[in-house]
There are 4 protein chains.
Amino acid sequence: MGSPFILLNYKTYNQGTGQGAVEIARACRAVSEESGIEIAVAPQLPDIYRVASEVELPIFSQHMDGVGAGSFTGHVFGKCIKEAGAVGTLINHSERRLTLAEIEASLKAAKEFGLRAVICTNNVPTTAAAAALEPDYVAIEPPELIGSGIPVSKADPEVVSGSVEAVAKINSGVKVLCGAGISKGEDLRAALDLGSQGVLLASGIVKAADPKAALEDLIRLV
Amino acid sequence: MGSPFILLNYKTYNQGTGQGAVEIARACRAVSEESGIEIAVAPQLPDIYRVASEVELPIFSQHMDGVGAGSFTGHVFGKCIKEAGAVGTLINHSERRLTLAEIEASLKAAKEFGLRAVICTNNVPTTAAAAALEPDYVAIEPPELIGSGIPVSKADPEVVSGSVEAVAKINSGVKVLCGAGISKGEDLRAALDLGSQGVLLASGIVKAADPKAALEDLIRLV
Amino acid sequence: MGSPFILLNYKTYNQGTGQGAVEIARACRAVSEESGIEIAVAPQLPDIYRVASEVELPIFSQHMDGVGAGSFTGHVFGKCIKEAGAVGTLINHSERRLTLAEIEASLKAAKEFGLRAVICTNNVPTTAAAAALEPDYVAIEPPELIGSGIPVSKADPEVVSGSVEAVAKINSGVKVLCGAGISKGEDLRAALDLGSQGVLLASGIVKAADPKAALEDLIRLV
Amino acid sequence: MGSPFILLNYKTYNQGTGQGAVEIARACRAVSEESGIEIAVAPQLPDIYRVASEVELPIFSQHMDGVGAGSFTGHVFGKCIKEAGAVGTLINHSERRLTLAEIEASLKAAKEFGLRAVICTNNVPTTAAAAALEPDYVAIEPPELIGSGIPVSKADPEVVSGSVEAVAKINSGVKVLCGAGISKGEDLRAALDLGSQGVLLASGIVKAADPKAALEDLIRLV
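Along each chain, residue indices are assigned from 1 in the same order as the chain's sequence is written. The order in which chains are written sets their letters, starting at A; the order in which ligands are written sets their numbers, starting at 1. Confidence filtering applies because this is a predicted model: local features only for residues at pLDDT of at least 70, side-chain atom pairs given and counted only at 80 or more, and all residues used for totals across whole chains, interfaces and linings. Calculated side-chain values reflect all of the structure's heavy atoms, with hydrogen atoms and water omitted.

Re the side chain of K11(B)
And step 1. Each helix corresponds to a stretch of at least 4 residues labelled H or I by DSSP, and each strand to a stretch of at least 2 residues labelled E; elements are numbered beginning at the N terminus. Inspection of the secondary structure puts K11(B) in the loop between β1 (5–9) and α1 (19–35).
And step 2. Among the polar contacts made by the side chain of K11(B), one reaches the side chain of E95(B) at a distance of 3.0 Å.
And step 3. When checking whether two residues touch, look at their non-hydrogen atoms; a contact exists if any pair is within 4.5 Å. Not counting residues within four places of it along the chain, the set of residues in contact with K11(B) comprises G70(A), S71(A), F72(A), T73(A), A42(B), Q44(B), Q62(B), H93(B), E95(B), I146(B) and A202(B). Here a polar contact is recorded for every N or O atom pair within 3.5 Å, except that within protein the pair must consist of a potential hydrogen donor and a potential acceptor, and residues adjacent in sequence are included only if both atoms are side-chain atoms.

Some thoughts on the interface of chain D and chain C
And step 1. Facing 35 residues of chain D, the contacting portion of chain C comprises 35 residues.
And step 2. Here the quantity called buried area is the accessible surface, traced with a 1.4 Å probe, that two parts lose on coming together, added over both. Carbon and sulfur atoms supply 55% of the area buried between chain D and chain C, which totals about 3,200 Å² over both sides.
And step 3. The term salt bridge refers to a pairing of a side-chain nitrogen on Lys or Arg with a carboxyl oxygen on Asp or Glu at a separation within 4 Å. Applying the counting rule to chain D against chain C returns zero salt bridges.
And step 4. At the boundary of chain D and chain C, one finds 18 residue pairs in polar contact (both at pLDDT 80 or more).
And step 5. Elements with a contribution of two residues or more to the side of chain D that touches chain C: α2 (48–54) and α3 (78–84) of chain D.
And step 6. Element by element, the count of residues in the side of chain D that touches chain C is highest for α3(D), at five residues.

Concerning the packing of aromatic side chains
And step 1. To pair, rings of Phe, Tyr and Trp, with the six-membered ring standing in for Trp, must have centres within 6.5 Å; the planes then decide the type, stacked if under 30 degrees apart, edge-to-face if over 60, and tilted in the middle. Per the counting criterion, the structure on display carries 14 aromatic pairs over all chains.
And step 2. Judged by centre distance (5.0 Å) and plane angle (20°), the ring pair of F5(D) and Y137(D) falls under stacked. Note that F5(D) is positioned in strand β1 (residues 5–9) and Y137(D) in strand β6 (residues 137–140), a separation of 132 residues in sequence.
And step 3. Per-residue accessibility, obtained with a 1.4 Å probe over protein chains only, is compared with the maximum for each type, and a residue is labelled buried under 20%, exposed over 50%, and partly exposed between these values. Overall, Y137(D) belongs to the buried group, its relative accessible area being 6%.
And step 4. When the ring centre of F5(C) is taken as origin, the NZ or CZ atom of R116(C), which lies over that ring, is 5.0 Å away. Only Lys NZ and Arg CZ are tested; either one counts as a charge over a ring when it is within 6 Å of the ring centre and within 35 degrees of the ring normal.

Some words on the packing of helix α5 (residues 124–132) of chain A against helix α4 (residues 100–112) of chain D
And step 1. Angles here are taken between N-to-C directions and fall from 0 to 180 degrees, while the axes themselves are lines fitted to C-alpha atoms, restricted in helices to the stretch in contact. The N-to-C vectors of α5(A) and α4(D) enclose an angle of 125°; their axes lie 10 Å apart at closest approach. Judged on the interaxial angle alone, α4(D) and α5(A) are oblique. Judged by the sense of rotation from one axis to the other, the crossing of α5(A) with α4(D) is right-handed. Where α5(A) abuts α4(D), its residues P125(A), T126(A) and A129(A) lie against L100(D), A101(D) and E104(D). Each angle is binned into one of four classes, with values under 35 degrees roughly parallel, values over 145 roughly antiparallel, values of 65 to 115 roughly perpendicular, and all other values oblique. Take the far helix as your reference; a near helix turned counterclockwise from it by less than a right angle gives a left-handed crossing, and one turned clockwise gives a right-handed crossing.

Side note on the packing of α1(B) against helix α10 (residues 211–218) of chain B
Residue and element names in this part refer to chain B.
And step 1. Running from N to C, α1 and α10 cross one another at 35°; their axes reach a closest spacing of 9 Å. Of the two possible hands of crossing, α1 and α10 adopt the one that is right-handed. Between α1, through I24, A27, C28, A30, V31 and E34, and α10, the contact on the second element is made entirely by P211, K212, L215 and E216.

Let's talk about the interface of chain B and chain A
And step 1. On the side of chain A, 35 residues touch chain B, which itself brings 35 residues to the contact.
And step 2. Carbon and sulfur atoms supply 56% of the area that chain B and chain A bury against each other, a total of about 3,200 Å² over both sides.
And step 3. In terms of surface lost to chain A, no three residues of chain B exceed T12(B), P46(B) and T73(B), which account for 22% of the buried area on that side.
And step 4. At the boundary of chain B and chain A, one finds zero salt bridges.
And step 5. At the surface where chain B touches chain A, the tally comes to 20 residue pairs in polar contact (both at pLDDT 80 or more).
And step 6. Ranked by the residues each element gives to the side of chain B that touches chain A, the list is headed by helix α3 (residues 78–84) of chain B, at five residues.
And step 7. In this classification, the charged set is Asp, Glu, Lys and Arg, the nonpolar set is Ala, Val, Leu, Ile, Met, Phe, Trp, Tyr, Cys and Pro, and all remaining amino acids, among them Gly, are polar. By residue class, the composition of the side of chain B that touches chain A is eleven nonpolar, 16 polar and eight charged.

Here we look at the state of the cysteines
And step 1. Disulfide assignment relies on a single distance test, namely cysteine sulfur atoms paired within 2.5 Å. Considering all chains together, one arrives at zero disulfides over all chains under this definition.
And step 2. You can see C80(C) has no disulfide; the closest cysteine sulfur is in C80(D), sitting 14 Å from it.

Remarks on the relation of the copies chain D and chain C
And step 1. Each copy superposes on the other: chain D lies on chain C with an RMSD of 0.0 Å after a rotation of 180° and an axial shift of 0.0 Å. Such values leave the two copies arranged in the relation of a two-fold axis. In terms of C-alpha distance to the rotation axis, chain D has P46(D) as its closest residue, with the C-alpha 2.3 Å off the axis.
And step 2. Take the interface residues of chain D: 100% of them recur as interface residues in chain C, which is what a same-surface contact looks like. Residues reaching a pLDDT of at least 70 in both copies supply the C-alpha atoms on which the copies are superposed by least squares.

Focus: the relation of the copies chain B and chain A
And step 1. Turning chain B through 180° and shifting it by 0.0 Å along the axis lays it on chain A, with an RMSD of 0.0 Å.
And step 2. Take the interface residues of chain B: 100% of them recur as interface residues in chain A, which is what a same-surface contact looks like.

Details of the sheet that holds strand β4 (residues 88–91) of chain C
Either a parallel or an antiparallel arrangement is found when strands of a sheet pair, and the pairing is made through backbone hydrogen bonds.
Residues and elements named next belong to chain C.
And step 1. For two strands to be treated as a pair, DSSP must find at least two bridges joining them. Spatially, β2-β1-β8-β7-β6-β5-β4-β3 is the arrangement adopted by the eight strands of the open sheet, whose pairing is parallel. The open sheet is flanked by β2 (38–42) and β3 (60–61), the only strands paired with a single partner.
And step 2. Pairing analysis gives five bridges linking strand β1 (residues 5–9) to β2, with the strands arranged parallel. Paired with L8 across the two strands is V41, which belongs to β2.
And step 3. Helix-sheet contacts for helix α1 (residues 19–35) involve β1 and β2, and the interaxial angle to β2 is about 170°.

A short note on the pattern of salt bridges
And step 1. Counted under the stated rule, the structure contains 40 salt bridges over all chains.
And step 2. When the shortest N-O distance is used, the salt bridge between K11(B) and E95(B) registers 3.0 Å. Residue K11(B) is found in the loop between β1 and α1, and its partner E95(B) is found in the loop between β4 (88–91) and α4 (100–112); the two are separated by 84 residues along the sequence. The burial state of K11(B) is the same as that of E95(B); both residues are buried.
And step 3. With its nearest N and O atoms 2.7 Å apart, the salt bridge here joins D217(D) to R220(D).
And step 4. On the basis of relative accessible area, D217(D) is assigned to the partly exposed category, the value being 25%.
And step 5. A cluster of three or more residues bridged by salt bridges with shared partners is formed by E23(A), R26(A) and E54(A).

Below is the structure:
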């Protein structure tokens, strides 16, 4: 199986804004070094440069548009996030949905700029569709469980195992992450046992009183 | 009338990405100091912190969502751009349109975080509607002239004077900027003569071989 | 004050779909005739022609795009709803939001085709903005009360009276409707007492066991 | 191969609005009867019932939302188009794009109501993704060729053959249509020779001086 991939989405939580974005990244860096597990963070766009300047760990953007240089006010340009220090990006998060054509354009732009791409999906059929686009990762997250505290690996294990199977049929080179409600060691363990290769998580760590301790708990059963 | 306000939108132009964002900001800062005219820049979101760290001048975001802290992956949170160094934001640029409810929520959030707000509009009726929301500025830009090189002040002077009149009736405290095709000294002069209090401009300066010289030309008739 | 205007939005309720759309329109027609109060219906787009062919009463579309004849697959063209039998349209309902530029374009197209326009809004500032566009009506509906069964006229009377005041300042020719949670005679009475000139309502009538009786109750205190 | 499937999208063309929608459907019906080739029409939503009442041929909606009965003002509910007389629907036309999650929800709703579904796509990767969702048809249309008069089968034959191959790998039960610029007999012939099973077309027939003659020309090389 290899080591899992953990991607921590800061969303727009206060705790992960500005200097807080740097502090949480430091906690991730420390736990990643201690454990050898890859932990990446997805801070808000204006914080990418700041985090990258102060902490050495993989940074993902929370969103990226499939646009090039030009008249695209307010859009997220791959070259810009790359130069700011990002190594990858989420695409089509449930809180920032894109059209199918935009997902494909964003993925194409990510590849052009050498950015790793995680396409988020909401059920088995959309996971299969996303896998057909050949991203690095798909991240299946049933929207109704996001932020619920109820882990997808417990509430809906079939959506994880079904996604793993569907992706294997379409393109076995695509890795499957799962998310929604993941925060504890047993959640990550269950997610890996269902065949996923990592998790996308957010509030359970970012809003924890002690993010470093929360991360240590998360990985304790790996 | 007072001194005009000049707001330079970098869009996603290569010349204004990463280190380029800093260089153009330096040119703006120099011309602003020499002339006493307020010049602000709107770099891409990931470059706000970088520009703010290196150059002292007003920075605007190209977009801002009306969201607070929370589950808003990929959205632009006012607190985050403020902490990164922005003092204001564009809202509803023609390349990043929002619903009316979103414009109002974004404006409300901008006020909450002490950010100056520029609502972009496309014709006289939408300018009147935007003025009714009581932003700091409205910026009227006929979309068909954006990036055309044909200045709105020459191609469609009535949309500028009509916007100035409409705003005066609705709320005389709102300042009117105009944009689209503005790049030369006579364009700015004409815009001010039509009653606007400044301009929103982009490619004419950002893509100029010598942005500082282009800015000096822009303000020469003020 | 004159007689109030009652606009019944069928949404996609089963009860108001297909033949049901015709039956509810018949109930509205009967109550309108008995009372002399203008009652209009807004069935789903595919039912406009069917209702118009069978019942004589004012029909509104639930949505209209600001597009002309051309390459606009899946859009709602003013000429088409007019020829199908509509006399007006909702614009920017909270369940079908538009950008400010689209609202203005839709309103302009509605006027071009002689259709009455109701722009929906969510609070006092957006009501003021909508009034600046000069539609026939604005309909203020706090989204959190829609479908709640709690009438806006009781839960948030200030949003109704504030909207009436804001519109009076901007353009006294624009009529104010209010909606969200309205279903009983006292709700309509309160809405009128707060200065509105009618109501936009939906589930309270469409999903009633006896829509005709529900309408009779609604208007009993006028 | 079997007989091709021809789907005529009326968009919002004046010629296909109101009574015109019926006339063009009559021409399609006549040519379909003469030739034995299945020809379906996609009129505007308000015209579905009218066309279905007067002409016996398969009617598709130009768009459908993945919503059920409920609070979905201005949305297109599968049950409503079905009761109005539609047998299928376009989903995700380039002029009415949807998010990936919405496409999947719309397809699921179409299946629930027994409606045939055509998912539109813009290139080979998005065609593969759409095929993974298992619709009845995918319709590949490079947006830059739509309405150009330059047939996709001549300008970009690889996008057609590439789509056919990609779909065969993902799910051979999904039929491939192609569109954009198709209007003449040789365009349809070339489309079929490239492996597609039909075409989606619009202006070349709807705006023709004599739609029936244009249809007869279209099918002459089948």
